[in-house]
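Reading the structure
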Amino acid sequence: MKILVCISHVPDTTSKINFTEGDTKFDTNGVQFVINPNDEFGLTRAMWFKEKQGASVDVINVGGPETEPTLRKALAIGADAAIRVNTPATDGYSVAKQLASVVKDGAYDLVIAGRESIDYNGGMVPGMLAKLTDANFVNTCINLEIEGDNVTAIREIDGGKETVSTKLPLVVGGQKGLVEESDLRIPNMRGIMQARSKPLTVKEPVAVSPETTTASFEKPAPKGAVKLVDNVDELIDLLHNEAKVI
């Protein structure tokens, strides 16, 4: 089984976020980047298939050279090879088109992506990728078992869980639950050293025009000052007349 895991290069959630050029561009100065958490759950599940079923695992990112350290971390965790499509990730559709070209050329059986990235939270790429590659699709996946071409998946739905049966080829939009946080792997020194010699292939992009562009960004309004109260009556008055929650 050939597995391709999509890796988004996203800011660490502890980073201070700023914008430049009239709030139209994300300011990367001083920002630490990491593997998108939803993608990391998928990568860890892919490593389980590699160890238990002998699958091969490649990782892919659409982005510039600055994303390669993130791909190298994925290699250090245990992926066999990495692919970087040499173009900025401008919008969900163009990213899905770039990924689809690689999936078709590589004849992958299973593609695991995060259900969304934590930077833009678009949640579009896995579904569009499945459509572009004529693959089956399971989103918000929290469990995945594969025997031959037969797949049993559990997905999270409003108020519960749904168990579905399908077949390869398959695109999965994964999230926490596909593995648990305690199962995530921290690269050790041996893995880091091995990652240096694993192949990282740079592919030129296919021609595609973005369907959307970013007009501007806006930060959330700053939180107001904390107001301390000394008695219950004053608290009730503030909740009723100022916060208007009771």
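What counts and how
- Residues numbered from 1 in each chain as written.
- Predicted model: local features only at pLDDT ≥ 70, side-chain atom pairs only at ≥ 80, totals over all residues.
- Heavy atoms only, no water.
- UniProt positions renumbered as here; feature names shortened; annotations may be inferred.
- Buried < 20%, exposed > 50% of the residue type's maximum accessible area, 1.4 Å probe, protein only.
- Helix = DSSP H or I, 4+ residues; strand = E, 2+ residues; numbered from the N terminus.
- Pairing = 2+ DSSP bridges.
- Expected span 1.5 Å × (residues − 1).
- Contact = heavy atoms within 4.5 Å.
- Axes fitted to C-alpha atoms, helices over the stretch in contact; angles between N-to-C directions.

Within an unreviewed UniProt entry, the label attached to the protein chain reads Electron transfer flavoprotein subunit beta, and the organism entered is Cochleicola gelatinilyticus. Taken verbatim from the UniProt record of the protein chain, the Sequence similarities (unreviewed entry) comment is "Belongs to the ETF beta-subunit/FixA family."

Turning next to the pairing of strand S12 (residues 170-174). When you tally the buried positions in S12, you get five out of five residues, the bulk of the element. Taking every second residue as pointing to the same face, both faces of S12 are buried, with Leu170, Val172 and Gly174 on one and Val171 and Gly173 on the other. Where strand S8 (residues 110-114) meets S12, five bridges bridge the pair, whose relative direction is parallel. If you follow Ile112 over to S12, its bridge partner there is Val172. Alignment of strand S9 (residues 136-147) against S12, held across four bridges, turns out to be parallel. Along S12, the bridge assignment pairs Cys141 with Gly174.

With that out of the way, let us pick up helix H3 (residues 92-106). Helix length check: H3, at 15 residues, gives a terminal C-alpha distance of 21 Å against a target of 21 Å (1.5 Å per residue), a fit within 8%. Of all the residues in H3, the buried ones are Gly92, Ser94, Val95, Ala96, Gln98, Leu99, Ala100, Val102, Val103 and Gly106. Elements in contact with the buried residues of H3: strand S1 (2-6), strand S6 (56-62), strand S7 (81-85), S8, helix H4 (125-133) and strand S13 (200-203). Directly beyond the C-terminal end of H3, a positive phi value near 50° is found at Ala107.

The feature "domain: Electron transfer flavoprotein alpha/beta-subunit N-terminal" (unreviewed entry), as given by UniProt, occupies residues 23-212 in the numbering adopted here. Helix makes up 31% of residues 23-212 and strand 31%, with an end-to-end C-alpha separation of 17 Å.

This part is about the sheet that holds S13. Strands belonging to one sheet form pairs held by backbone hydrogen bonds; the direction of such a pair is parallel or antiparallel. Judged by pairing direction, the sheet is mixed, and its nine strands sit side by side in the order S11-S10-S9-S12-S8-S1-S6-S7-S13 without closing on themselves. Each end of this open sheet is capped by a strand with a single partner; those strands are strand S11 (160-167) and S13. Each adjacent strand pair in this sheet contributes to an overall mean axis angle of 30°, direction not counted. Sheet analysis places S6 next to S7, joined by five bridges and oriented parallel. If you follow Asp58 over to S7, its bridge partner there is Ala81. Packing against the sheet, H4 makes contact with S1, S8, S9 and S12, and its axis sits at approximately 180° to S12.

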